[in-house]
Amino acid sequence: LGCNESIGQSLTRAEEVNEGGAGGDVAATPSADGWPALTEPPIGQSLTRAEGGAAAATPSPLAGAEAVEYLASLGAAFTFAPAQSKKAMGAAWPDNPHTAAEALAHLKRGGNVGILSGAGQLAVIDLDEHAGDFLRQHPVLAAAPLVFRRDAPERVKIVIRLEGEAGEHFAAGDDARRKVEYLASRHHGIVAGTHARGATIEVR
């Protein structure tokens, strides 16, 4: 990602620290750069191109247990939240992440599951608007695992692999171009379960 200064030059405002990923809805509008807003989640279309201009294959989205197992294979450590919530459970949750087996049991009980950003060399970028524009402009990130829900296609969380330490939490300021948050250590993003509005959380 580079330093926080370079992030701030290209990304936008977060209204508040977002502990768990998806918050309230933001209306999708065309970007100032002319890219159309996503009307569908970034799952059935390719945002990158293979050699020769052919569209790259897009994997089928994962949800629930499949999403947890996939992220566990990447090294994720998990957090718990109540059903249809993003609020992490337990006073010491940043210091006591859960295993995949524990996460699957919590999910089966109806709860939501998050990943602990900064653990297992993974971190999360949370886009609260204009995800399509951002991903087209940053195709390397478009190829990363994306967490989304179908009722809000312009809101996406990007799971990235870190080199070195996670660094500091970052939320773009009021004068930035996009509403985005970098979830560093001691933050989490919900990756499996159900959003407060009833939509299933999925991973591509």
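What you see is a predicted model; the values in this text were computed from it and never measured.

A. Up close: the overall build of the protein. Across its full length, the protein carries five helices and ten strands. Counting all 204 residues of the protein, 47% fall into the buried class. Across the protein, contacts joining residues at least 24 apart in sequence account for 75% of those joining residues at least 6 apart. For the protein, the exposed area adds up to about 9700 Å²; of that, 51% sits on carbon and sulfur atoms.

B. Layout of the side chain of R155. On the secondary structure map, R155 appears in the loop between β5 (146–148) and β6 (156–161). At a separation of 3.3 Å, a polar atom in the side chain of R155 contacts the side chain of D128.

C. Quick peek at the pattern of salt bridges. This model, assessed by the stated rule, comprises four salt bridges. Between D128 and R155 there is a salt bridge whose closest N-O contact spans 3.3 Å. Here R155 lies in the loop between β5 and β6 and D128 lies in the loop between β4 (122–127) and α4 (131–137), a separation of 27 residues in the sequence. Of the two residues examined, D128 and R155, each falls in the buried class. The residue R149 makes a salt bridge to D151 at a minimum N-O spacing of 2.8 Å.

D. Region of interest: the environment of I158. Take I158: it is sitting in strand β6. As for I158 and R204, which are separated by 46 residues in sequence, their C-alpha atoms are 9.8 Å apart.

E. Main features of the nonpolar core. By size, the foremost hydrophobic cluster in this structure holds 22 residues, and its most contacted members are I125, L127, I158, I160 and Y182. Listed by contribution, the elements that provide at least two residues to this core are β4, α4, α5 (139–142), β5, β6 and β8 (180–183). In terms of nonpolar packing, the next biggest core, distinct from the first, is built from 21 residues, A67, L107, V113 and V191 among them.

F. Region of interest: helix α3 (residues 100–108). Among the residues of α3, A103, H106 and L107 are the ones counted as buried. The buried residues of α3 occupy one face: seen down the axis, they fall within an arc of 100°. In α3, the exposed positions that point more than 90 degrees away from the buried face belong to A101 and K108. Here the buried face of α3 lies against α2 (65–73), β2 (78–81), β3 (112–117) and β9 (187–194). G110 lies just past α3 and shows a positive phi near 105°.

G. Molecular detail of the pairing of strand β10 (residues 200–203). Alignment of strand β1 (residues 62–63) against β10, held across two bridges, turns out to be antiparallel. In the strand pairing of β10, L62 is matched with V203. In the sheet, β5 pairs with β10 via two bridges, with the strands oriented antiparallel. Its bridge partner lying in β10, F148 is registered against E202. When β9 meets β10, the two strands line up antiparallel, connected through two bridges. Bridging across to β10, T194 finds its partner in T200. Count of turn residues in the β9/β10 antiparallel hairpin: five residues, of which G198 carries a positive phi of about 100°.

H. Layout of unusual backbone geometry. Unusually for a residue other than glycine, Q84 sits at a positive phi of about 55°. Phi angles above zero are rare outside glycine, and Q121 is one such case at about 65°. When you line up the elements, Q121 lands in the loop between β3 and β4.

I. Representation of α2. Inspection of α2 places A67, V68 and L71 among the buried residues, and these make up the whole buried set. End-on, the buried residues of α2 take up no more than an arc of 100°, which puts them together on one face. Following α2 by one or two positions, G75 has its phi on the positive side, about 105°.

The rules behind the values
Residues numbered from 1 in each chain as written. Predicted model: local features only at pLDDT ≥ 70, side-chain atom pairs only at ≥ 80, totals over all residues. Heavy atoms only, no water. Helix = DSSP H or I, 4+ residues; strand = E, 2+ residues; numbered from the N terminus. Buried < 20%, exposed > 50% of the residue type's maximum accessible area, 1.4 Å probe, protein only. Contact = heavy atoms within 4.5 Å. Areas by Shrake-Rupley, 256 points an atom, 1.4 Å probe, with all protein chains shown as cover. Polar contact = N/O pair within 3.5 Å; in protein donor to acceptor, adjacent residues only side chain to side chain. Salt bridge = Lys/Arg side-chain N within 4 Å of Asp/Glu carboxyl O. Core = buried A, V, L, I, M, F, W, Y, C linked by side-chain atoms within 4.5 Å. Arc of directions from axis to C-beta. Pairing = 2+ DSSP bridges.

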